[in-house]
Amino acid sequence: MTRTRTPGISRRSTLALMGAGAMTFAAPWVARAQAKTIKIGMPTILSGRVAQLGTSSRNAVMLEVEKVNAAGGLAGRQIEMVVRDSKGQPQEAARVARELVNTDGCELLLDGEASSGSFAVHEVARDLGVLCIHTCSEASSLTADPKQHIPNAFRCVRQGIHDSIVGGSYAAAISKAKGLKKWATCSPDYAYGRDTTGEFTLYLKRFAPDVEIISESWPKLFQPDYTEVVTKILQAKPQALYSCLWGGDLTSYIDQANIYAMFGQMEVFAVNMADYTALTVVKNLPKGIHSGNRYIKTFPTTPENAAWGDAYKAKYNEYPTNWSWQNATAVMFLAEAAKKANSADGKKLAEVLKGLTIKCPFGADGTVTMRGDDHTLVGYAIGWGTTIPQEPYVPEVKAGDWKTIFELEAEWKKSKGYT
Amino acid sequence: MTELEAGRARALVPVSSGAALQRYRDVLIAVIAFAVLASLPLFTGSKALLDFVIRCSAYGLFATSLNLLVGYTGLTSFGHGMFFGLGAYGFGLIMQKLGVPIPVAFVATLAITAVIAAIIGAICVRLKEIYFAFVTLAFQMLIHSTILSWASFTGGDQGLRGGIPRPTFLGINLANHIHLYVASCALLILGLLAMRQIAQSPFGYTLRMIRDNAARASFLGIDVWRAKLTVFVLAALFAAMGGMVMALFVSGAYPEFAYWTISGEAIFINMLGGVSTFLGPMVGTVLLLLLNDTVTRFTEYHGIVLGVVILFFALGLRKGLLDFVAEWFARRRKTGEGR
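Residues numbered from 1 in each chain as written. Chains lettered and ligands numbered in written order. Predicted model: local features only at pLDDT ≥ 70, side-chain atom pairs only at ≥ 80, totals over all residues.

Teacher, can you tell me more about the overall build of chain B here?
Scanning chain B for helices and strands turns up 14 helices and zero strands. Reading the helices (α) and strands (β) of chain B from amino to carboxyl end gives α-α-α-α-α-α-α-α-α-α-α-α-α-α. In terms of overall size, chain B behaves like a compact globule, its C-alpha atoms giving a radius of gyration of 21 Å where 339 residues would be expected to give roughly 20 Å. Projected onto the principal axes, the alpha-carbon positions of chain B cover approximately 70 × 45 × 45 Å. When contacts within chain B are restricted to residue pairs at least 6 apart in sequence, long-range pairs at least 24 apart make up 78% of them. (Helix = DSSP H or I, 4+ residues; strand = E, 2+ residues; numbered from the N terminus. Rg over C-alpha atoms; globule rule 2.2 N^0.38 Å. Contact = placed C-beta atoms within 7 Å.)

Printed below as a string of C-alpha cells:
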C-alpha cells in the first residue's frame, strides 16, 4: 500500500496552527498570571477606643496604594489590600494575621497593631515566614531586642527611645535657660507610660544634672477623672511637668487641668500633644505647651509634607495621625524595594529592604532609612516645639539631631544587654 | 419505707448499670470524635480550619469548665478568665525561663493553678450569688493588675515576648502545625471526657443538689463548702488547660488573657450554647468563633451583630441553642408517645 499525500493542510501544519492558536488564547492568561494582583494583609484596630488611629492607618495605606497601583503596582502587580479588625486583642491579631496569609492568600503583612498585638503578629510572621512590616508599635524592644529579630520582619515606626533622647535634650536646654529644677511627671500607668517617662527623665538628668523629680503621678489608662492628679501636682509646686498621656486621656487631662489654671503655673512638656487627634479636640488649647512632633504637616517644613497632609485631608476630611505617616512610609518602602528587587516576592523584598534609603516627605532630610542591623526606621523627622491655640498649632519645631540619637541609642542598647 | 419510696429504690438499680453503660458510651464517643478530628488534616489542607479547631479547643475547655461552676453548681463566676490567663502565663513563663520539657511545664502549670485556685476558692465559695460573682471578678482584676505591674517578670502590657520554646517530646513537635493541632484535639477530648465523668459521677450529682438547694444538701450531711471548693479548683484546672492551648497557638501570653472580658466571653458562650446540657458550651464556642470570624471579615461593626445575636438568644429563645434543641426533641418525643 502506498501512502499518498492528500492535498490540504498537513498534520504538522494543523499541529502548528493549534499551537499558535493556543498561544494566542493563552497569552492574556499568562500575562494576567504574571501581573496578577498581590494581596497585602493588614490587621489593625478598627473598633474600640483607639479605632480612630487604626482607621487613619488604613486611610494612609489606601492613599499610598492608589499611587503605587496607578504607577504600575508592585513589580507590575496591582496591590489589593485586605484590612481586618483585631479589636486590639492580641489573640485576635494573631488569628486575623494567620487567616490573612493562610486563607486570603496575602503574600505580605502590614501590621497595624499597637503594643501586645504587634508582638503577637510578630510571632505569626516568625511562624509563617511571611514578610511583615510593623507600622504602629513604638515599643523599642520589638526591634532592639535581638531575641525578637527575624529576617522577615521590619518596623516602620518611630521609637520610644528616640523620642526620649530628643525630648530629654530639648527639655534640658529649656531647663537650663529658665532655671527649671523641680520637675513632676504624670503618665499612664502601664509599660509604655512607665518606660517612656523613665527614659525621658534619664536623658533630662543626663543633659541637666541638677534637675530633681519631686512628684510622680500614674493615672490609670483611660481614667475619666484627673482631679486628684491635678491637685497633687499643684500641691507639689513643680516648675515643670512631663507627661506622656495620649489621645483622649491627654485631651481630658488638659481640659480638666485648665479649670485649675495649671498651665500658667508651670512649663508643661507633653510628648504626644502635637498630633491633630489631640490638638483639634482640646477645648481651650493652652499656649506654650512643649510637645514632640507626632504628625504635623508643618514639620518637616517641606512642600512635600504639606502636600501629603493636604491630600490626606482632602480625601478623608480630617488630618492624618502619627500612625498615618508611618503606614504611608511602609507602603513607600515596599514600592521602592519592589522596584529595586524587580519582584514582589517577600524574601527578595526583605533582602532589599535591609539598609534601604528612600525619598520620603517625613524624613528629617527628605529621606528615611530602614536600618540594616535591627530592621528599624531611622532618619525620620523628629523634634519638639510649643503650641498655639490655632493652626498651624506648633509653628516652630526644633529638630532633633540624629547623630546624638544614634550615639545615645547605642549606649542604651548596651545598658539593656541588647548588644 | 413507703411503697412509693420502695418503687423508686427499685428503679435505681437499672440506673446505676445504665450509668456504667453511659460511661462506656461517653468513652466511645470521645474516641470517635478524636479519630474524626485527628484525621481532618488528611482530608483538608485548610490551615484556617485547623486554626479554628485549635481555638475551639482552647475556648471550649475554658467555657465548659465554667459550666461546671455555672450550670452544675450554680456558682456564677465573673472571674473565671483568671485561670485561663494563669494557664497561659504559667506555661509560657516556665517554658521561657526554665526550658523544661513540655509535659513537665504542663503539669507544673496545673499544680500552680490548683494551689492558687484553692486559695482564691477558699475565700470565694463561702459567698453566695452576686457576692461570689463580684469577689471572683475582684481576684481576676488583682491577677490582671499583677501581670501588668510586674513587667520585669511578665513583660507587662506587652505580654510574654520572644515566642514560647517548644522542644520535641516523645516525637511530638508542637512547632509543627499538624502536631499542635492533634495535641490540641487530644487535650480537648481528654478534658471534655474528664469533665463529663465529673458531671456524671456521684460528686456531679452532689453539685446539682447544691445548686438546687444547698441547705438541703447540708442537712443530708454533705460538706457544701468542700464540694464547692473542689469543683472550683477542678474547673480552674480545665480553664488553665485552655489557656495553655491558647498560649501555644499564639506563641505567647498577653494580659488580655486574664482580663475580665475573657470571662465575659465565656459567660456569653454559655448563654449561646446553653448550660443545661454538657455539650452546650462547646456548641456555644463553635457558634461564637464562627460568628466572630465571619462577621469581622465583613464589617468592623461586629459589636452590633453580636449584640443582636445576644438579644435573639436572650429574648427570642430565652435559653442556649443546645438547651432549645434538647427541649424541642423532648417535646417531640412526648407528643410521639402521646399518639
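How do you make sense of the overall build of chain A when you look at a structure like this?
Secondary structure summary: chain A contains 14 helices and 16 strands in total. By principal-axis analysis of the C-alpha atoms, chain A measures approximately 120 × 45 × 40 Å. Counting all 419 residues of chain A, 52% fall into the buried class. Contacts in chain A between residues far apart in sequence, at least 24 positions, make up 66% of those at least 6 positions apart. (Buried ≥ 20, exposed ≤ 12 C-beta atoms within 10 Å, placed from the backbone.)

Explanation requested: the nonpolar core in the structure shown.
In a soluble, globular protein the nonpolar side chains are often hidden away together inside. With 199 residues, the main nonpolar core has A:Leu109, B:Ala235 and B:Val245 as its most contacted residues. At 18 residues, the largest contribution of residues to this core is made by helix H10 (residues 224-250) of chain B. Every residue in contact with A:Leu109, bar those within four places of it in the chain, is listed here: A:Gly41, A:Ala97, A:Leu100, A:Val121, A:Ala125, A:Val130, A:Leu131 and A:Cys132. (Core = buried A, V, L, I, M, F, W, Y, C linked by C-beta atoms within 7 Å.)

Looking at this structure, how should I read the pairing of strand S11 (residues 290-295) of chain A?
Remark: a regular strand shows side chains that alternate across the two faces of the sheet. Residues and elements named next belong to chain A. With respect to burial, S11 is a largely interior element, six of its six residues being buried. Relative to S11, strand S10 (residues 274-275) runs parallel, the two being bridged by two bridges. Its bridge partner lying in S11, aspartate 275 is registered against tyrosine 295. Direction of pairing for S11 relative to strand S15 (residues 383-386): antiparallel, over a ladder of three bridges. Directly across from histidine 290, in S15, lies its bridge partner threonine 386. (Pairing = 2+ DSSP bridges.)

What exactly am I supposed to notice about the environment of A:Ser116 here?
By the secondary structure assignment, A:Ser116 is in helix H4 (residues 115-128). In this structure the C-alpha to C-alpha distance between A:Ser116 and A:Lys354, which are 238 residues apart in sequence, comes to 25 Å. Apart from the residues lying within four places of it in its own chain, the contact partners of A:Ser116 are A:Pro90, B:Asp157, B:Gln158, B:Gly159, B:Tyr254 and B:Pro255.

Would you mind going over the pairing of strand S4 (residues 131-134) of chain A with me for this structure?
All names here are of chain A. Burial of S4 is two-sided: the residues Leu131 and Ile133 facing one way and the residues Cys132 and His134 facing the other way are all buried. In terms of strand pairing, strand S3 (residues 108-111) meets S4 through four bridges, oriented parallel. Its bridge partner being in S4, aspartate 111 is matched across the sheet by histidine 134. Traced from S3 through H4 to S4, the parallel crossover comes out right-handed. Pairing geometry for S4 and strand S5 (residues 153-155), over three bridges, is parallel. Paired with histidine 134 across the bridge in S5 is arginine 155. (Right-handed = clockwise from strand over helix to strand, strands pointing away.)

How should I be thinking about the interface of chain B and chain A in this particular structure?
Reports often express the size of an interface as the amount of accessible area lost when the parts come together. Contacts between the two partners involve 24 residues from chain B and, on the opposite side, 26 residues from chain A. Residues that form the side of chain B that touches chain A fall into these classes: seven nonpolar, nine polar and eight charged. (Nonpolar A, V, L, I, M, F, W, Y, C, P; charged D, E, K, R; others polar.)

In this structure, what is going on with the environment of A:Ala335? I would like to understand it.
Residue and element names in this part refer to chain A. In this fold, alanine 335 is placed in helix H12 (residues 322-341). Note on alanine 335: 22 C-beta atoms within 10 Å, which makes it buried. Once residues lying within four places of it in the same chain are set aside, the contact partners of alanine 335 are Val68 and Leu74.

Before we go on, may I ask you to explain helix H3 (residues 81-98) of chain B in this structure?
One turn of an α-helix holds 3.6 residues; hence residues three or four places apart share an orientation. All names here are of chain B. Relative to the 26 Å expected for 18 residues at 1.5 Å per residue, H3 spans 25 Å between its end C-alpha atoms, a close match to the ideal helical length. Across the 18 residues of H3, 15 count as buried, placing the element largely inside the fold. Looking one or two residues past H3, glycine 99 carries a phi angle of roughly 60°, positive in sign. (Expected span 1.5 Å × (residues − 1).)

What is the right way to look at the domain arrangement of chain A in this model?
All names here are of chain A. Examined at the domain level, chain A breaks down into domain 1 (38-159 + 302-378) and domain 2 (161-299 + 383-415). A straight line from the C-alpha centre of domain 1 to that of domain 2 covers 28 Å. Of the residues lining the interface, 19 residues belong to domain 1; the matching set on domain 2 comes to 16 residues. Contributing elements (two or more residues each) for the side of domain 1 that touches domain 2: helix H11 (303-316) and H12. A total of four residues in the side of domain 1 that touches domain 2 trace back to one element, the largest contributor, which is H11. (Domains from an automatic or database assignment.)

Hey, could you run me through the confidence of the model for chain A in this one?
It should be kept in mind that the predicted coordinates are not to be read in detail where pLDDT is low. Residues and elements named next belong to chain A. Counting all residues, the mean pLDDT for chain A is 87, and 92% of those residues have values of 70 or more. Per-residue pLDDT stays below 50 along residues 1-6; that stretch engages in zero contacts with residues further than four places along the chain or on separate chains. Every residue in residues 24-35 is under pLDDT 50, and counting partners more than four places away or in other chains gives two contacts. (pLDDT = per-residue confidence, 0-100.)

Hey, could you run me through unusual backbone geometry in this one?
Generally, phi is negative for residues other than glycine and the peptide bonds are trans, each holding for most cases. Residues and elements named next belong to chain A. Following phenylalanine 299, the chain continues to proline 300 via a peptide bond in cis, the omega torsion being 0°. With respect to the helices and strands, the residue proline 300 is situated in the loop between S11 and H11. With an omega dihedral of 5°, the bond running from glutamate 391 to proline 392 counts as a cis peptide bond. Topologically, proline 392 is positioned in the loop between S15 and strand S16 (397-399). In this structure, lysine 87 takes a positive phi of about 60° despite not being glycine.

Quick question: what am I supposed to make of the packing of H3(B) against helix H5 (residues 129-149) of chain B here?
How two helices sit against one another is set out by the angle between their axes and by the gap between those axes. All names here are of chain B. For the pair H3 and H5, interaxial distance at closest approach is 9 Å and the crossing angle is 30°. The orientation of H3 relative to H5 falls into the category roughly parallel. Note that H3 runs across H5; the crossing there is left-handed. Touching Gly81, Met82, Gly85, Leu86 and Tyr89 of H3 are Phe139, Gln140, Ile143 and Ile147, all from H5. Among the residues making up the contact of H3 with H5, the classes are represented as six nonpolar, three polar and no charged. (Axes fitted to C-alpha atoms, helices over the stretch in contact; angles between N-to-C directions. Parallel < 35°, antiparallel > 145°, perpendicular 65-115°, else oblique. Left-handed = near helix turned anticlockwise from the far one by under 90°.)

Even after reading the chapter, I still don't get the packing of helix H8 (residues 202-212) of chain B against H10(B), so can you show me in this structure?
Residue and element names in this part refer to chain B. The interhelical angle for the contact between H8 and H10, taken along N-to-C directions, is 115°, at an axis separation of 10 Å. In this structure, the crossing between H8 and H10 has a hand that is left-handed. Contacts from Thr206, Leu207 and Ile210 of H8 reach H10 at Val224, Ala227, Lys228 and Val231. Grouping the constituent residues of the contact of H8 with H10 by class yields five nonpolar, one polar and one charged.

What exactly am I supposed to notice about H5(B) here?
Residue and element names in this part refer to chain B. Look at H5: 30 Å from first C-alpha to last across 21 residues, which is about the 30 Å you get at 1.5 Å a residue. Looking at H5, one finds that the buried residues are Phe132, Thr136, Phe139, Gln140, Ile143, His144 and Ile147. For H5, the angular spread of buried residues about the axis comes to 140°, placing them on one side. Residues of H5 that are exposed and point more than 90 degrees away from the buried face comprise Ile130 and Tyr131. Tucked inside the fold, the buried residues of H5 contact H3, helix H4 (102-124), helix H6 (151-154) and helix H11 (260-273). (Arc of directions from axis to C-beta.)

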